[in-house]
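Below are the chains, spelled out letter by letter.
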Amino acid sequence: MKQFLFLVLSIYLIGIIFYFAIFYYQLKPLPVEAGLQNQTTQFIVQKGDGFKEIAERLEEQNLIRSSKSFKVYLLINGWANKLQPGVYQIAYGSKVSDIAKLLMTGSPTEKTVVIPEGYTLLDIEQKLKNEEILGAGESLLNLKISDFQKDYYFLKDAPPSANLEGFLFPDTYRFKINSPATLVVKRMLDNFQSNLTPEMQTAIANTPLNFYQIVTLASLIEGEIPNEEERSIVAGILVKRLENQMPLQVDATIIYIKCDILKTENCRQLSPADFKIESPYNTYQHLGLPKGPINNPGQSAIKAALNPVESPYWYYLSDPKTGKTIFSKTLKEHNEARAKYLK
């Protein structure tokens, strides 16, 4: 009898050991396939999802070996009812313990993002990607004016094939993580529209420039002049140059060519050769406004472009030490200012 009991207990013990061996094996990280090392995948937990559903989806997405073992692991640790809804990025080959702890921390489904005035389309794209606002494969760079022209009256003068540079209104936004690019753009265009005050709309109707040209002019002002009080004076200088067939000679257009079109290193450092770059954005080589906006201006710069101030000045430069704009009436005065402030 004793031998029989011993045999039964031995078999039972072997069974328990075998079960736990399998259990712990199934909790080991899955091997990572070639090309997926250090890569993550999106995993979504919806509100109301139970731990059983979550475990099964983790197995379906090849993030764990066994949903059954994962469920047991959660129950043993008292974590089964602590998994939080959210949008997660889970690395391939993650430990089960790390996945469980991640799913308990909760993940924001929305983020607050600040888009500063003067950010270019490329800047905004990079920021939204860094903040995981844009979903996989989504890009603002692929969208054109024509995609939105029928829904926004202020886009009617813009070339249909142009990108959205100039119209992604700088502001603080709250976006859902992994949003479609079209949805993000519509939010920003809606905001642009809401910031066109009745006074601005009246000014738009009375200006000789069309609105696309106004936004282009505003982007030059945004890129050149940080001081709000000086912006209308500079707008007046640029309009006067346009009317008199003088080149605008705006350094910010050269920086845009180097940074956002050519994507060169140290793109903000300008050399004499840079001013000879052939581009429809080069305001040293071509008369008139550049091909389109060079950034996304805020309301202050747009107001300045709509309300240029007449002055005796024809030239200006920015003091690199103070940021203050130095105005000149003649080329001689301007060259003297250059020698003094840009030495």
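Residues numbered from 1 in each chain as written. Predicted model: local features only at pLDDT ≥ 70, side-chain atom pairs only at ≥ 80, totals over all residues. Heavy atoms only, no water.

## A few points about the side chain of Thr 283
Okay, step 1: Mapping Thr 283 onto the fold places it in the loop between α10 (251-261) and α11 (299-306).
Okay, step 2: Only 2.9 Å separates the side chain of Thr 283 from the backbone nitrogen of Val 250, close enough to count as a polar contact.
Okay, step 3: If we ignore the near neighbours within four places in the chain, the residues touching Thr 283 are Pro 247, Leu 248, Gln 249, Val 250, Thr 253, Gly 288 and Pro 290. (Helix = DSSP H or I, 4+ residues; strand = E, 2+ residues; numbered from the N terminus. Polar contact = N/O pair within 3.5 Å; in protein donor to acceptor, adjacent residues only side chain to side chain. Contact = heavy atoms within 4.5 Å.)

## Notes on the packing of aromatic side chains
Okay, step 1: Considering all chains together, one arrives at 13 aromatic pairs under this definition.
Okay, step 2: Ring geometry for Phe 154 and Phe 192: centres 4.7 Å apart, planes at 20°, overall stacked. Remark: Phe 192 occurs in helix α6 (residues 181-194) and Phe 154 occurs in the loop between α5 (121-130) and β4 (172-176); sequence separation between them is 38 residues.
Okay, step 3: Accessibility expressed as a relative area gives 1% for Phe 192, which makes it buried.
Okay, step 4: Feature note: the residues Tyr 152, Tyr 153, Phe 154, Phe 167, Phe 169, Phe 192, Phe 211 and Tyr 212 constitute an aromatic cluster, connected by ring pairs.
Okay, step 5: In this structure, Lys 240 packs its charged tip against the face of Trp 314, placed 4.4 Å from the ring centre. (Phe/Tyr/Trp six-rings, centres within 6.5 Å; stacked < 30°, edge-to-face > 60°. Buried < 20%, exposed > 50% of the residue type's maximum accessible area, 1.4 Å probe, protein only. Lys NZ or Arg CZ within 6 Å of the ring centre and 35° of its normal.)

## Some remarks on the environment of Ser 179
Okay, step 1: Examined against the element boundaries, Ser 179 turns out to sit in the loop between β4 and α6.
Okay, step 2: Given the relative accessible area of 6%, Ser 179 is considered buried.
Okay, step 3: The spatial distance from the C-alpha of Ser 179 to the C-alpha of Glu 138 is 8.2 Å, given a sequence separation of 41 residues.
Okay, step 4: With residues near it in sequence (within four places) discarded, Ser 179 still touches Ile 133, Leu 134, Gly 135, Glu 138 and Val 184.
Okay, step 5: Engagement of the side chain of Ser 179 in a polar contact is seen with the backbone oxygen of Lys 176, the distance being 2.5 Å.

## Re the confidence of the model for the protein chain
For any part of a model where pLDDT is low, the fine detail of the predicted coordinates should not be relied upon.
Okay, step 1: Predicted confidence across the protein chain gives a mean pLDDT of 89, with 93% of residues reaching 70 or more.
Okay, step 2: Taking the mean pLDDT of every element in the protein chain, the minimum, 60, falls on helix α1 (residues 2-26) and the maximum, 97, on helix α8 (residues 211-224). (pLDDT = per-residue confidence, 0-100.)

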